[in-house]
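Architecture at a glance
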Number of protein chains: 2
Amino acid sequence: MTEYYAPLDDIRFVLNEIAGMDEIASLPGYEEASPDLVDAVMEEAGKFCSEVLAPLNHSGDEQGARLENGVVRMPDGFTEAYAQFAQAGWIGISIDPAWGGQGLPKLLSAATQEIWCSANLAFSLSPMMNQAAADLLASFGSGAQKEIFLPKIVSGEWAATMNLTEPHAGSDLGCLRCKAERDGDQFRITGQKIFITYGDHVMTENIIHLVLARISGAPEGVGGISLFVVPKYLVGDDGTLGQRNDLKALSLERKLGIHASPTAVMSYGNGDGAIGYLVGEENRGLHAMFAMMNFSRLGVAIQGPAMGERAYQLARAYAEERTQGVAIDGTSPDAVPIIEHPDVRRMLMSMAAQTEAARAMNLYIAACQDKAARHPDDEMRAANEARQALVLPIAKGWGTEGGIETAHLGIQVHGGTGFIEETGAAQYLRDARISAIYEGTTGIQANDLLFRKVVRDEAWAMNALLADMASARDELAASPDETLTTLAARLGQAMAHLDEATHWLLGTNAQDPARAAAGAVHYLRLGGITLGGWFLARAAGRAREMLGAGEGNQAFLTRKILIARFFADQFMPDCPQLLAKIMNGAGSVMDGTKGVF
Amino acid sequence: MTEYYAPLDDIRFVLNEIAGMDEIASLPGYEEASPDLVDAVMEEAGKFCSEVLAPLNHSGDEQGARLENGVVRMPDGFTEAYAQFAQAGWIGISIDPAWGGQGLPKLLSAATQEIWCSANLAFSLSPMMNQAAADLLASFGSGAQKEIFLPKIVSGEWAATMNLTEPHAGSDLGCLRCKAERDGDQFRITGQKIFITYGDHVMTENIIHLVLARISGAPEGVGGISLFVVPKYLVGDDGTLGQRNDLKALSLERKLGIHASPTAVMSYGNGDGAIGYLVGEENRGLHAMFAMMNFSRLGVAIQGPAMGERAYQLARAYAEERTQGVAIDGTSPDAVPIIEHPDVRRMLMSMAAQTEAARAMNLYIAACQDKAARHPDDEMRAANEARQALVLPIAKGWGTEGGIETAHLGIQVHGGTGFIEETGAAQYLRDARISAIYEGTTGIQANDLLFRKVVRDEAWAMNALLADMASARDELAASPDETLTTLAARLGQAMAHLDEATHWLLGTNAQDPARAAAGAVHYLRLGGITLGGWFLARAAGRAREMLGAGEGNQAFLTRKILIARFFADQFMPDCPQLLAKIMNGAGSVMDGTKGVF
């Protein structure tokens, strides 16, 4: 099996030429993020992936995490890899130095996140949980909670989990039933949580569970949910570990993929109730958890191109090595590497184009988040906040579905060999499949996009984004280069379809939200393709400039233009049909179906 | 887990109203296939699926086939189920009564095939191998070979396998290296074969391997390949079993899906060489094997809607049961079944529409095959042969990719639960995945369609098919019913795109086949959607007639019209973009990519 190498050339190109790393490094507090430091960090991360994480990916899948006599056993090498990862400081890369982090931009953190996910998706979820919990406690925890828990979570000495879902409360958290009874300054938590990522394991001496529960007497629905920190081992005021808390992993799920990530059914309070401490205000738990979920949502969005990249590398290597069939142009009587066959080349180019478009989208979001948090100008902060909030559900929905499709194509390039687990291609499909589900399914992302991000502000943010795209289009259209003007024209068409869909959905929603909702996923895809085309067209424009100036690697830059053209030719034609499906959808999905379908 | 029920209502509707079961029953030799008999056969088959095959599907996946001490152990219940299946005479359903079969139409056999695959795909492959081998030996075997092997294969007392692939010869069989040395009247076979479905097991007392090999001194390439029958246990002239032949299963593959189907690496000739008997003429083995593969190709095409139907049934049951989130129209403050949510309904309708379109396409092919074989009129035979040959690669490629997409959506409808193996939805994706690979990948199907079925006859068959569609379109367009005239208009647009693509590909191919080949898979999909729309529109037209006449089940017929409209609204808009991608493809995939991408 081909081992993974981090695609540092492309990541560096996106960081510098698309996401604006230099602008991010000029924000207050990010001055350290010099080009040299960014390069060094990425090199080091890439090395860690190739040497430590990627080699454990297949064996981790085969062995899986196992619950034995109440203890969750990790696959070989995971505990050691986790310790190395934590010691190297990777968990705290973008966390405030006050808590032991390195305080680097989210943009850089997102770039490293992609390669952790590529190298070993199941592994990457563990530090991702720490980062999410640290983010949440840093924003909502009390002073004492921060002092006691944050440094240990950031250093990785302790692990962390997020406990939201219950059997009857998945996407609809308002239904959750976990209870919290006041007991002096603390609470006693009872109830069951499911789908808890890294819910239990022995990689760390303690695990800090963040748990949503309902305080006795709290209102029903989402307004009666509070957030608690519930350690596996109780912690003294001085940080020393005390007795085991009243909680345990009842079982681990047997899943389609990410086998090495223990997904637990957690039981709280089999005796007196698990001791928990309120985080933030009573009944405002969901507010805090949503902040954390937004963090995790980018993390999951990143899994799309991460899995795509890994699948692409394996399929590409196979296609260059495997000979089968003569060349279609008859240039040789011998079998040629299958990458010479037009359909195989088409599949590989699709995989690369999807991956590179989604990568750029995610890093764009991370840059927006950095600017939203740190830009000295109020308006710029607001504008960037609106951009990231709008693009995030698109990146999550479109990017992860694209990652799955890419992994699917990766198997297809392999033919029969792709169906054999030893090859590795099948694992990428199995692992990638979850990314379109957790942290909100594609349908949930589409509803978020349509109702919260477009309807609520009457497309103000969407129009602003379209204006950004129009600038890029105008710039490309003014180029003497024919490929660039073609890209500009295609981008303009896609934008027109996105704009028309936006207007149609706003109008339809005002009359009947269900008819708008029937087209929400198509709208998300339309957004994904249009944005993807925007990023790749900008990349092509920049590549052309650099080629003209004799800068950079010629082969890399030429390929960048090729990929943008491929995307414009092979992905962007979907835009008109997505608009048609949106407009048809109201009728075909909702009219007269109830009781008949 | 919801158990499977055979969708007899829809199958019966397609058999009678679309595929023309009455016409088939009027063909010479098929007179027995009366409506009552057809109903009885389908009822019985459905019962067998629900009671015997479906309950073994999940446990078969979990246990898998295992090679232990040189013996392939089947999952619990498989050996007994196979015996029952064989005893009931299902293997021989469409085989000549001279060999112990029932001699019923292929159309009926195809309808049963779908439900075997739905109920238990891994199981279904075993009798499918018997049918394929019987077909092959009946056409190409010597008198003695037929006498000795055929009755046992048809009765299921002996199993059969197809041995084509070698490590260096997959899609490109011309490269195969297995050797055959003449030894009196027989041959000694040596070499290794991979991906051998049911290559070894203990369900039957003997296994008859059909093996492609190269006789010493034969020409290189495809013109030097011969076909041999190689029994696991040698067989005396009186049919008694003799000693074990020099062959064995070296290992079983660990696969993404169809775990219960033992996929073996077979080794022939570890001692003196496995004894084999030439089937048909020397160096004409590939010709015979291709005849068999055409049989199997429809069998695999059927797996598309088969897996789709199973995934749909599970997802639909879940969506009706699972409550989560309030209704979007605010009609109720309580959580509603998720099927009420527009995007969930859209996904379920997509699953149903894809499945019903592909089902109709497969049964149409089977009916064409029956007419091609038995119609008293020469021209009708030729016309039907051309139809089935043209539509087969489309049904295989588009239908199986659609089955995979449907299984993917089935997981998505389940949300997080879909990722848990216990649910069963994940197995359908894992199992379905192989269907777009074996018996020729989608890319291979697309090349077959474009170069063998369209270029070779300069689109004569395609034009004839388009003329058939035009009749249906004209009939629907003349209806006073607005839905039907809309369907007619959409079908007409799709046909125009298919026609334009055909012309463009013919013209482009004449200049540069590689540029045509780059769009072959898009062309296959365009064909699939257009044909799917044709079948569903015809179904809607017939349903409207029956409703008008007060015949049939009103709810079923109304739903049929709804599904046709959904397909026209949500699948057929893809046609223009597929045409665009075909025309763009030549440039984006082939121009300037070599050495750069």
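Anyway, here's the lowdown on the structure attached to this text. (Residues numbered from 1 in each chain as written. Chains lettered and ligands numbered in written order. Predicted model: local features only at pLDDT ≥ 70, side-chain atom pairs only at ≥ 80, totals over all residues. Heavy atoms only, no water.)

Thoughts on the overall build of chain A
Helix and strand counts for chain A come out as 19 helices and 14 strands. Expected size for 597 residues packed as a compact globule is a radius of gyration near 25 Å; at 24 Å, chain A falls within 12% of this value. Projecting the C-alpha coordinates of chain A onto the three principal axes gives extents of approximately 75 × 60 × 55 Å. A burial count over chain A gives 64% of its 597 residues as buried. Total accessible area on chain A is roughly 20100 Å²; 49% of this is exposed by carbon and sulfur atoms. Side chains of chain A give 48 positive and 73 negative charges; the mean places of these two sets differ by 5 Å. (Helix = DSSP H or I, 4+ residues; strand = E, 2+ residues; numbered from the N terminus. Rg over C-alpha atoms; globule rule 2.2 N^0.38 Å. Buried < 20%, exposed > 50% of the residue type's maximum accessible area, 1.4 Å probe, protein only. Areas by Shrake-Rupley, 256 points an atom, 1.4 Å probe, with all protein chains shown as cover. Lys, Arg positive; Asp, Glu negative; His and termini not counted. Charge placed at Lys NZ, Arg CZ, Asp CG, Glu CD.)

Comments concerning the relation of the copies chain B and chain A
Rotating chain B by 180° about the axis while translating it 0.0 Å along that axis superimposes it on chain A, leaving an RMSD of 0.0 Å. In symmetry terms, the pair is related by a two-fold rotation axis. (Least-squares fit on C-alpha atoms with pLDDT ≥ 70 in both.)

Thoughts on the nonpolar core
Counting 363 residues, the largest nonpolar core has Ile189 and Leu348 of chain A together with Leu53, Ile189 and Leu348 of chain B as its most contacted members. Contacts of leucine 348 of chain A, omitting those with residues within four sequence positions, involve Tyr312, Ala315, Arg316, Ala319, Ile339 and Val413 of chain A together with Phe597 of chain B. (Core = buried A, V, L, I, M, F, W, Y, C linked by side-chain atoms within 4.5 Å. Contact = heavy atoms within 4.5 Å.)

Observations concerning the pairing of strand 7 (residues 226-231) of chain A
All names here are of chain A. For strand 7, a buried count of 6 out of 6 residues is recorded, marking the element as mostly surrounded by other parts of the structure. The two faces of strand 7 match: Ser226, Phe228 and Val230 on one face and Leu227, Val229 and Pro231 on the other face are all buried. Direction of pairing for strand 6 (residues 206-215) relative to strand 7: antiparallel, over a ladder of 6 bridges. Bridge pairing in strand 7 links histidine 209 to valine 230. Note: strand 7 against strand 12 (residues 274-279), 3 bridges, orientation antiparallel. Across the sheet, the residue bridging to phenylalanine 228 is leucine 278, located in strand 12. (Pairing = 2+ DSSP bridges.)

Notes on empty space enclosed by the protein
Inspection of the entire model under this criterion finds 11 cavities of 30 Å³ or more. Taken together, the residues of the lining of the largest cavity break down into 17 nonpolar, 16 polar and 12 charged. (1 Å grid on protein atoms, 1.4 Å probe; cavity = no way out; pocket = protein on both sides within 12 Å on 5 of 7 lines; lining within 4 Å. Points joined across faces, edges and corners; volume = space filled by probe spheres on them. Nonpolar A, V, L, I, M, F, W, Y, C, P; charged D, E, K, R; others polar.)

So, the pattern of salt bridges
Residue and element names in this part refer to chain B. A complete count under the given rule lists 72 salt bridges over all chains for this structure. Residue aspartate 183 is joined to arginine 188 by a salt bridge in which the shortest nitrogen-to-oxygen separation is 2.8 Å. By relative accessible area, which is 31% here, aspartate 183 ends up partly exposed. The exposure class assigned to arginine 188 is partly exposed, which follows from its relative accessible area of 22%. (Salt bridge = Lys/Arg side-chain N within 4 Å of Asp/Glu carboxyl O.)

A few points about the pairing of strand 12 of chain A
Inspection of the sheet shows strand 5 (residues 186-197) of chain A paired to strand 12 of chain A by 3 bridges, in the antiparallel sense. What sits directly across from arginine 188 of chain A, in strand 12 of chain A, is isoleucine 275 of chain A.

Examining unusual backbone geometry
Residues and elements named next belong to chain B. Look at isoleucine 258: it is not a glycine, yet its phi comes out positive at around 35°. Mapped onto the elements of the fold, isoleucine 258 is located in the loop between strand 10 (247-252) and strand 11 (263-268). For isoleucine 258, a relative accessible area of 4% corresponds to the buried category. Phi angles above zero are rare outside glycine, and glutamate 458 is one such case at about 50°. Along the chain, glutamate 458 falls in the loop between helix 13 (442-455) and helix 14 (460-477). A residue is classified by how much of its surface remains accessible, and glutamate 458, at 63% relative accessible area, is exposed.

Some details on helix 17 (residues 520-548) of chain B
Residues and elements named next belong to chain B. Here helix 17 contains 29 residues, and its C-alpha end-to-end distance of 42 Å stays within 8% of the 42 Å for a straight helix at 1.5 Å per residue. Helix 17 sits mainly inside the fold: 22 of its 29 residues count as buried. Positive backbone phi, at 70°, marks glycine 550, one or two positions downstream of helix 17. (Expected span 1.5 Å × (residues − 1).)

Here's the deal with the packing of aromatic side chains
All told, the structure shown has 32 aromatic pairs over all chains when counted by the stated rule. Both rings, one in tyrosine 312 of chain A and one in phenylalanine 597 of chain B, keep their centres 6.3 Å apart while their planes meet at 50°; by these two values the pair is tilted. Pair noted here: tyrosine 312 of chain A is in helix 9 (residues 285-321) and phenylalanine 597 of chain B is in the segment after helix 19 (574-590), and the two residues belong to different chains. The pair formed by tyrosine 312 of chain A and phenylalanine 597 of chain B is uniform in burial state, with each residue classed as buried. An aromatic cluster of at least three residues, connected via ring pairs, comprises Phe48, Phe78, Phe85, Trp90, Trp116 and Phe123 of chain A. Geometry around tyrosine 233 of chain B places arginine 244 of chain B over its ring, the cationic atom sitting 5.7 Å from the centre. Taking the ring centre of phenylalanine 597 of chain A as reference, the NZ or CZ of arginine 316 of chain B above it sits at 4.6 Å. (Phe/Tyr/Trp six-rings, centres within 6.5 Å; stacked < 30°, edge-to-face > 60°. Lys NZ or Arg CZ within 6 Å of the ring centre and 35° of its normal.)

Overview of the interface of chain B and chain A
One frequent convention defines the size of an interface as the accessible area lost when the parts assemble. In this complex, chain B contributes 85 residues to the contact, which on the side of chain A involves 85 residues. Each partner contributes to the roughly 7400 Å² buried at the junction of chain B and chain A, and carbon and sulfur atoms together form 60% of this total. Of all residues in chain B, the largest losses of buried area upon contact with chain A belong to Arg254, Phe419 and Phe597 of chain B, amounting jointly to 13% of the total for that side. Counting across the chain B and chain A interface gives 4 salt bridges. A salt bridge links aspartate 574 of chain A to lysine 581 of chain B, with the nearest nitrogen and oxygen atoms 2.9 Å apart. Here the side of chain B that touches chain A takes 10 residues from helix 19 of chain B, the largest share from any one element. (Buried area = accessible area lost by both parts, 1.4 Å probe.)

Details of the packing of helix 13 of chain B against helix 15 (residues 482-511) of chain B
Residues and elements named next belong to chain B. It is at 11 Å that the axes of helix 13 and helix 15 come closest, and there the two elements cross at 90°. The orientation of helix 13 relative to helix 15 falls into the category roughly perpendicular. Contact with helix 13, carried on its side by Leu450, Phe451, Val454 and Val455, involves Thr502, Leu505, Leu506 and Asn509 of helix 15 and no other residues of that element. Split into classes, the residues belonging to the contact of helix 13 with helix 15 amount to 6 nonpolar, 2 polar and no charged. (Axes fitted to C-alpha atoms, helices over the stretch in contact; angles between N-to-C directions. Parallel < 35°, antiparallel > 145°, perpendicular 65-115°, else oblique.)

Some words on the environment of arginine 559 of chain A
Residues and elements named next belong to chain A. Topologically, arginine 559 is positioned in helix 18 (residues 554-570). What makes arginine 559 buried here is its relative accessible area of 15%. Side chain to side chain, arginine 559 and tyrosine 312 meet in a polar contact 3.2 Å long. (Polar contact = N/O pair within 3.5 Å; in protein donor to acceptor, adjacent residues only side chain to side chain.)

Section: helix 7 (residues 121-140) of chain B
Helix length check: helix 7 of chain B, at 20 residues, gives a terminal C-alpha distance of 28 Å against a target of 28 Å (1.5 Å per residue), a fit within 8%. For helix 7 of chain B, the tally of buried residues reaches 16 of 20 residues, placing the bulk of the element in the interior.

Side note on the environment of glycine 257 of chain A
As for its placement among the helices and strands, glycine 257 of chain A is situated in the loop between strand 10 (247-252) and strand 11 (263-268). The spacing of glycine 257 of chain A and lysine 152 of chain A is 105 residues in sequence and 29 Å in space, taken between C-alpha atoms. Those residues in contact with glycine 257 of chain A, other than ones at most four positions away along the chain, are Arg430 and Asp431 of chain A together with Phe419 of chain B.

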